[in-house]
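Observations on chain architecture
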Amino acid sequence: MGCGKSKERRAAARPQSEAHGRGGRGRDSSAKVHPPSPPLPEHPATGASGPSRSTSARVLDPRARLRACIDSHPVVLLSKSTCERCAEVKKLFKSMCVPYFLLELDQAEDARGLERAFSELTSETDVPVVFVKRRKIGGHGPTLKAYQEGRLQKLLKMNGSEGLPESYDYDLIIVGGGSGGLAAAKEAAKYDKKILVLDFVTPTPHGTRWGLGGTCVNVGCIPKKLMHQAALLGQAVQDSRNYGWKIEETVKHDWDKMTEAVQNYIGSLNWGYRVALRERKVTYENAYGQFVGPHRIKATNNKGKEKIYTAEKFLIATGERPRYLGIPGDREFCISSDDLFSLPYCPGKTLVVGASYVALECAGFLAGIGLDVTVMVRSILLRGFDQDMANKIGEHMEEHGVKFIKQFIPIKVEQIEAGTPGRLRVVAQSTSGGETIEGEYNTVLLAIGRDACTRKLGLETVGVKINDKTGKIPVTDEEQTNVPYIYAIGDILEGKLELTPVAIQAGRLLAQRLYAGSNIKCDYENVPTTVFTPLEYGACGLSEEKAVEKFGEENIEVYHSYFWPLEWTIPSRDNNKCYAKIICNIKDNERVVGFHVLGPNAGEVTQGFAAALKCGLTKMQLDSTIGIHPVCAEVFTTLSVTKRSGGSILQAGC
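Here is a short report on the structure shown in this document. (Residues numbered from 1 in each chain as written. Predicted model: local features only at pLDDT ≥ 70, side-chain atom pairs only at ≥ 80, totals over all residues. Heavy atoms only, no water.)

1. Focus: the overall build of the protein
What the protein contains, in helices and strands, is 20 helices and 28 strands. If you take every contact in the protein between residues at least 6 apart in sequence, the share linking residues at least 24 apart comes to 64%. Here the protein displays about 31,000 Å² of accessible surface, and carbon together with sulfur accounts for 49% of that area. (Helix = DSSP H or I, 4+ residues; strand = E, 2+ residues; numbered from the N terminus. Contact = heavy atoms within 4.5 Å. Areas by Shrake-Rupley, 256 points an atom, 1.4 Å probe, with all protein chains shown as cover.)

Structure, rendered in structure tokens:
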């Protein structure tokens, strides 16, 4: 296990480190030999004016010196000390545990002569240039490509280079057992690869934890949609009276029964994932993964027992966790969505802090099951979504009993009385002045955003770059980090959509590229999504704001209309609340660049239209499509009023 070949080689390298690393005066620091991992300090080789330099070396011209370096070492890197691309190639070899001879051309005594010799000998105009057993691999791009295609590894082993491990414990270790990580694991296992999945849930401040499957399954999409359904059924019971159903007793909701049913279903999913991994011969460990060196990771279980594993490649799929306010009482007395779906008591009067889709979805179903709900909003609703749609969602929620406190943020949460639920006092301050307000609630739910789980993975140990502010990981269009053997997918990616199906797709396609010869990349454009507020919101493509920003207001046409679902006409509710909108690029044959729908089953509607947008749907094609009657989605085949015209879009019937 690990990178080193033998104790003898390490022992032999150590005196060189002591002699050159500490004293080293009079020696040429332009040439360095790197021993195998565990990585020791870079070691200067015998050089320019050192006492061990041979007499014959003194008379060699620069070209001959360069040729001698290439001929005498299995792996040679010609570099410059200030070159960023050179630094990346150095990191690559260090990550592979490959010792190499390093010649910094700008640090050598005869720098100009060596640079001329470099151009003549290599036919290259710039560094870096890599040689393996006197064979030129090339510069930065060709070297990374050779690594990604496996040619570099084969050549190194074929030429007997020391330092590469003969075998790893696993072909791929996946850190994170959520939707994306599990999808990648199952896909990679199809190609007879040895896979390890490490998954560990750090308990919330209230001690909540869950099983295999990640956020979506345990504390996200699945329980959210089920509780949203519970609220819709409450509305359906009310509507049923208008359809002739006689319901004598008062309708009440049982929180305990709902959460028990939801958690039982989630438990079945957790078990199903473990069985699926076992059937595919994927190893699963409930342990926290931290990188401890190149190709090495430490797995720590809940009892503190540690194991070290090695792998050829790694995939980071750790997702995100809810953010806290950082104010007195937030961790002690507030809960997050990580706690809500398994809360062992009804939350009672609830303050939801935040304007994210998580905040509005939770506020919506809590109000839908009959609770007193208030939402405290710092600025705007659903930042990043179409604001026309976001404001319509807020208006509908207010009309159905959800209270909003706008432009305020909590500054302190205090416990008045312990209990299940207890009583809490919240002090909030205006975002536009010094005004403060107070309120009493049974539960305070924080939904102010989520933070990437990347800062405690030991990424700095192996050199993986992250965004210092957000913790997000920048990757290439193939989900590769700056460390070539480490990949990342899902919510932790910088500038990518935070959606479960996106992580699943990226994980599957990555495994196919790594092990099945595929070249298909994940397409992050025109990804459909749905916000499960009481009035569901489905979207695909650009928001109106983004379309204006991209194409200019004069180059887009917005077609829109209200509609009234037939099912809602009998109970005579919510007329002119459901809304349809498409955004078209005028200069591209009125191609649909944004699709938005507010109404029942918005997700089902949006999913179908998303495929059409992928195929380049135009307004003319929509107009030529015959609608299904009477359904909500048919409104998109008859849109005729533009926003620009100012015409009425109110509806009187189906």
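2. Examining the sheet that holds strand S24 (residues 529–531)
A sheet is described by the order of its strands in space; here five strands give the open sequence S24-S25-S28-S27-S26, paired in antiparallel fashion. Edge positions in the sheet fall to S24 and strand S26 (556–563), since each has one partner strand and no second. Along the sheet, successive strands turn relative to each other by an average axial angle of 15 degrees, direction set aside. Where S26 lies against strand S27 (residues 578–585), eight bridges are found, and the strand directions are antiparallel. Bridge assignment links histidine 560 to a residue of S27, and that residue is lysine 581. (Pairing = 2+ DSSP bridges. Axes fitted to C-alpha atoms, helices over the stretch in contact; angles between N-to-C directions.)

3. As for the packing of aromatic side chains
Across all of its chains, the model carries 11 aromatic pairs by this definition. Taken together, the aromatic side chains of Phe291, Phe314 and Tyr485 make up a single cluster linked through ring pairs. The ring centre of tryptophan 568 lies 4.3 Å from the NZ or CZ of arginine 573, which sits over that ring. (Phe/Tyr/Trp six-rings, centres within 6.5 Å; stacked < 30°, edge-to-face > 60°. Lys NZ or Arg CZ within 6 Å of the ring centre and 35° of its normal.)

4. Remarks on the packing of helix H10 (residues 221–240) against helix H14 (residues 357–368)
Across the interface, H10 lies against H14 with an axial gap of 8 Å and an inter-helix angle of 35 degrees. For the pair H10 and H14, the crossing hand works out as left-handed. Two secondary-structure elements touch here, H10 through Lys224, Met227, His228 and Ala231 and H14 through Glu361, Phe365 and Gly368. Classifying every residue of the contact of H10 with H14 gives three nonpolar, two polar and two charged. (Left-handed = near helix turned anticlockwise from the far one by under 90°. Nonpolar A, V, L, I, M, F, W, Y, C, P; charged D, E, K, R; others polar.)

5. Re the pairing of strand S15 (residues 350–353)
Looking along a regular strand, one sees the side chains alternate between the two faces of the sheet. Side-chain alternation along S15 places Thr350 and Val352 on one buried face and Leu351 and Val353 on a second face that is also buried. Pairing analysis gives four bridges linking S15 to strand S16 (residues 373–377), with the strands arranged parallel. By the bridge assignment for S16, threonine 350 is matched with valine 373. Assessed by its sense of winding, the connection that carries the chain from S15 through H14 to S16 is right-handed. (Buried < 20%, exposed > 50% of the residue type's maximum accessible area, 1.4 Å probe, protein only. Right-handed = clockwise from strand over helix to strand, strands pointing away.)

6. Looking at helix H3 (residues 62–72)
All buried positions along H3 are accounted for by Leu66, Cys69 and Ile70. One face of H3 carries all of its buried residues, which in axial projection span an arc of 95 degrees. Looking at the packing, one finds that the buried side of H3 touches strand S3 (75–79), strand S4 (101–104), helix H5 (111–122) and strand S5 (129–132). (Arc of directions from axis to C-beta.)

7. Describing the side chain of aspartate 388
Along the chain, aspartate 388 falls in helix H15 (residues 387–399). Judged by relative accessible area, aspartate 388 falls into the buried class, the value being 17%. Within polar-contact distance, the side chain of aspartate 388 engages the side chain of lysine 392 at 2.8 Å. Of the polar contacts made by the side chain of aspartate 388, one reaches the side chain of tyrosine 579; its length is 3.3 Å. Residues contacting aspartate 388, with those up to four places away along its chain left out, are Glu544, Glu545, Tyr579, Lys581 and Lys643. (Polar contact = N/O pair within 3.5 Å; in protein donor to acceptor, adjacent residues only side chain to side chain.)

8. Some details on the environment of valine 444
If you trace the backbone, valine 444 turns up in strand S21 (residues 443–446). When its relative accessible area of 1% is taken as the criterion, valine 444 is described as buried. Remark: the alpha-carbon pair of valine 444 and isoleucine 335, spanning 109 residues in sequence, is separated by 6.3 Å. Beyond its immediate sequence surroundings of up to four residues, valine 444 is in contact with Cys334, Ile335, Leu351, Val353, Leu424 and Val426.

9. Re the sheet that holds strand S20 (residues 436–441)
If you walk across this open sheet you meet the three strands as S18-S19-S20, and the pairing is antiparallel. Only two strands of the sheet have a single neighbouring strand rather than two, namely strand S18 (408–417) and S20. Neighbouring strand axes in the sheet, compared pairwise and without regard to direction, differ in orientation by 20 degrees on average. Two elements, strand S19 (residues 423–430) and S20, share six bridges in a ladder whose sense is antiparallel. Bridge pairing in S20 links leucine 424 to tyrosine 441.

10. A word on the side chain of histidine 228
Note on placement: histidine 228 falls in helix H10. Given a relative accessible area of 3%, histidine 228 falls into the buried group. Setting aside residues up to four positions removed in sequence, histidine 228 forms contacts with Phe365, Phe532, Thr533, Pro534 and Glu536.

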